[in-house]
Structure formats: C-alpha cells, structure tokens
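Architecture and fold: a report
Residues per chain are reported as follows:
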Amino acid sequence: MKTEKIILGIDPGTTIMGFGLIKIVGKKMQFLQLNELQLQKYSDHYLKLKLIFERTIELIDTYHPDEIAIEAPFFGKNVQSMLKLGRAQGVAMAAGLSREVPITEYSPKKIKMAITGNGNASKEQVAKMLQSLLGLKTLPKNLDSTDGLAAAVCHFYNQGKVEIGKNYSGWASFVKQNEKRVKK
C-alpha cells in the first residue's frame, strides 16, 4: 500500500484557472504549491482551452499527481458562462485522463463544506481556513488558486467515503458513467 501520494486540485475557469497541489504522507497533508493560469489577456476561447490543457499536462508531467480533484461547474443563470466553464473543466479532465490520472469531481458546496464546515462559505473564508490548515504564510491576490487547493484538500478529507462525487480512472470509466451522453 502506498503511503505517499500527491493530489492536484483544479478550479477550472476561462479567465483564471486555479490549481493547488498537496502531498499526503501517511495521514498528514503537506502543502506543495498553489498558482493560477491567467487567461484574461486572450480573446480566443479555443486558445484558452488549449492553454488550460497544456498547463494541466505540464503540472501532471512535473508533479506526477496520483489523483486529480476538480471543482464541478455550478449551475448559474448565464448559460454561456456555464458552457465555457464546462469546456474548461472538460479539457482539464481530458488532460488528466490522457495521462491516466484518476479524477474526482466535487461541487463547490461540497468543497466549501469540507474545508470550512459551511457549504455557503465565501472564497475568503475558504482561503483563510486553508491558510490555517496548511500554514500558508500569505494568500494570493486572486483566490482562484486557493479554490484549486481547496478541491485537493476536500479530496483528501473525503477519501474512503462512499459518496465523494464522480470518479473517472480513464476514458472507458468516463463513458461507462456517462452512457446517456454517448451517441449511439
């Protein structure tokens, strides 16, 4: 049984993609990194998706995460925003699947609940709790990176629990769990 593993957490977005990495040794978390991919200077949506895919592949090839935790798009009123977020999440997931890294999705509420105990917590409350939990000296200006880190920490807290979200270990697993989406 492996006693160490690395979890990559991703907060997908087409303006800013936040990500964080933690290392698990035994039953303890260690902070590795948090950062963000700035995409607002690009106007071409397809270029943004390409950059998200490439950055995710780069993170996987650099840190060799054992698992990926990704924030699921939330249901908002703006359908176009939801589509863009879904695409951003999809290309990040495709990058993980192409490297055969298991992926688990978590709703924003589930992540907030795991970190703060309140599913309606603000980004600032989540960031402050992560700062306390992981001993972060400072917090970033944009909190998208702490949202990515929160997804990784949520995944750590939810290990071994029966219902933790959708799990994908590869394309076959994704297709099997999403049969209604597959055209026949």
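Structure: above.
Residues numbered from 1 in each chain as written. Predicted model: local features only at pLDDT ≥ 70, side-chain atom pairs only at ≥ 80, totals over all residues. Heavy atoms only, no water.

1. What about the overall build of the chain?
Counted only if it meets this: Strands are runs of DSSP state E lasting at least 2 residues, helices are runs of H or I lasting at least 4, and numbering of each runs from the N terminus. With a 1.4 Å probe rolled over the protein chains alone, any residue whose accessible area is under 20% of its type maximum counts as buried; one over 50% counts as exposed, and the rest are partly exposed. Throughout, a residue-residue contact means that at least one pair of heavy atoms, one from each residue, lies within 4.5 Å. The method behind every accessible area is Shrake-Rupley, applied with a 1.4 Å probe, and residues are considered shielded solely by the protein chains displayed.
When helices and strands are counted, the chain shows six helices and six strands. Listing every helix and strand of the chain by position from the N terminus yields β-β-β-α-β-α-β-α-α-α-β-α. For the chain, the proportion of its 184 residues judged to be buried stands at 47%. Partitioning the intrachain contacts of the chain with sequence separation of at least 6 by distance along the chain shows that 61% fall at a separation of at least 24. Looking at the chain as shown, the accessible area adds up to about 10400 Å², and 55% of this sits on carbon and sulfur atoms.

2. Overview of the nonpolar core
Formally: Side-chain atoms within 4.5 Å link the members of a nonpolar core, which is a set of buried Ala, Val, Leu, Ile, Met, Phe, Trp, Tyr and Cys residues.
By size, the foremost hydrophobic cluster in this structure holds 22 residues, and its most contacted members are Leu8, Ile10, Ile52 and Ile68. Elements with a minimum of two residues in this core: β1 (4–11), β2 (16–25), α1 (45–63), β4 (67–71) and α2 (79–98). Those residues within four positions of isoleucine 52 in sequence are excluded, and the remaining contacts are Gly13, Met17, Leu37, Leu39, Ala88, Val91 and Ala92. Within the second largest apolar cluster, 20 residues are counted, among which are Ile7, Ile22, Ile24 and Ala152.

3. A few points about the side chain of threonine 14
Along the chain, threonine 14 falls in the loop between β1 and β2. Residue class for threonine 14 comes out buried when judged on its relative accessible area of 12%. Every residue in contact with threonine 14, bar those within four places of it in the chain, is listed here: Leu39, His45, Lys48, Lys84 and Ala88.

4. Side note on the pattern of salt bridges
We apply this condition: For this analysis, a salt bridge means a side-chain nitrogen from Lys or Arg found within 4 Å of a carboxyl oxygen belonging to Asp or Glu.
Using the criterion set out here, one finds seven salt bridges in the structure. Notably, a salt bridge pairs lysine 23 with glutamate 4, separated by 3.3 Å at the nearest N-O pair. Placement of the pair is lysine 23 in strand β2 and glutamate 4 in strand β1, with a sequence separation of 19 residues. Take lysine 23: its relative accessible area is 23%, and that puts it in the partly exposed class. We note a salt bridge from lysine 123 to aspartate 144, for which the minimum N-O separation is 3.9 Å. Taken together, the residues span a long stretch of sequence, with lysine 123 in helix α4 (residues 123–134) and aspartate 144 in helix α5 (residues 144–157) at a distance of 21 residues. Owing to a relative accessible area of 17%, aspartate 144 belongs among the buried residues under this scheme. A cluster of three or more residues bridged by salt bridges with shared partners is formed by Lys123, Asp144 and Asp147.

5. A short note on α1
The α-helix advances 3.6 residues per turn, and as a result positions three or four apart in sequence lie on the same side. The following threshold applies: Every helix has an expected span of 1.5 Å times one less than the residues it contains.
With 19 residues, α1 extends 27 Å from end C-alpha to end C-alpha; this agrees with the ideal 27 Å at 1.5 Å per step. The set of residues buried in α1 consists of His45, Lys48, Leu49, Leu51, Ile52, Arg55, Thr56, Ile57, Leu59 and Ile60. In the segment just after α1, histidine 64 is the residue with positive phi, at about 50°.

6. Digging into the layout of surface pockets
For clarity, the threshold we go by: A pocket here means an open set of points on a 1 Å grid, computed over the protein atoms alone, that has protein on both sides within 12 Å along at least five of seven lines. A cavity is instead a set of points where a 1.4 Å probe fits but cannot get out; residues with an atom within 4 Å of a point line either one. Grid points are joined across faces, edges and corners, and a volume is the space filled by probe spheres set on the points. Three categories are distinguished: nonpolar for Ala, Val, Leu, Ile, Met, Phe, Trp, Tyr, Cys and Pro, charged for Asp, Glu, Lys and Arg, and polar for the others, with Gly belonging to the last.
The space that makes up the second largest pocket amounts to roughly 360 Å³. Every residue lining the second largest pocket is counted, 19 residues in all, and those nearest its centre are Asp11, Glu71, Phe74, Lys123 and Asp147. Counting residues per element, the ones that place at least two in the lining of the second largest pocket are α3 (108–116), α4 and α5. For the lining of the second largest pocket, the class distribution of residues is ten nonpolar, three polar and six charged.

7. What about the side chain of lysine 48?
Its place among the elements puts lysine 48 in helix α1. Residue contacts for lysine 48: discarding those within four places in its chain leaves Thr14, Leu39 and Tyr42.

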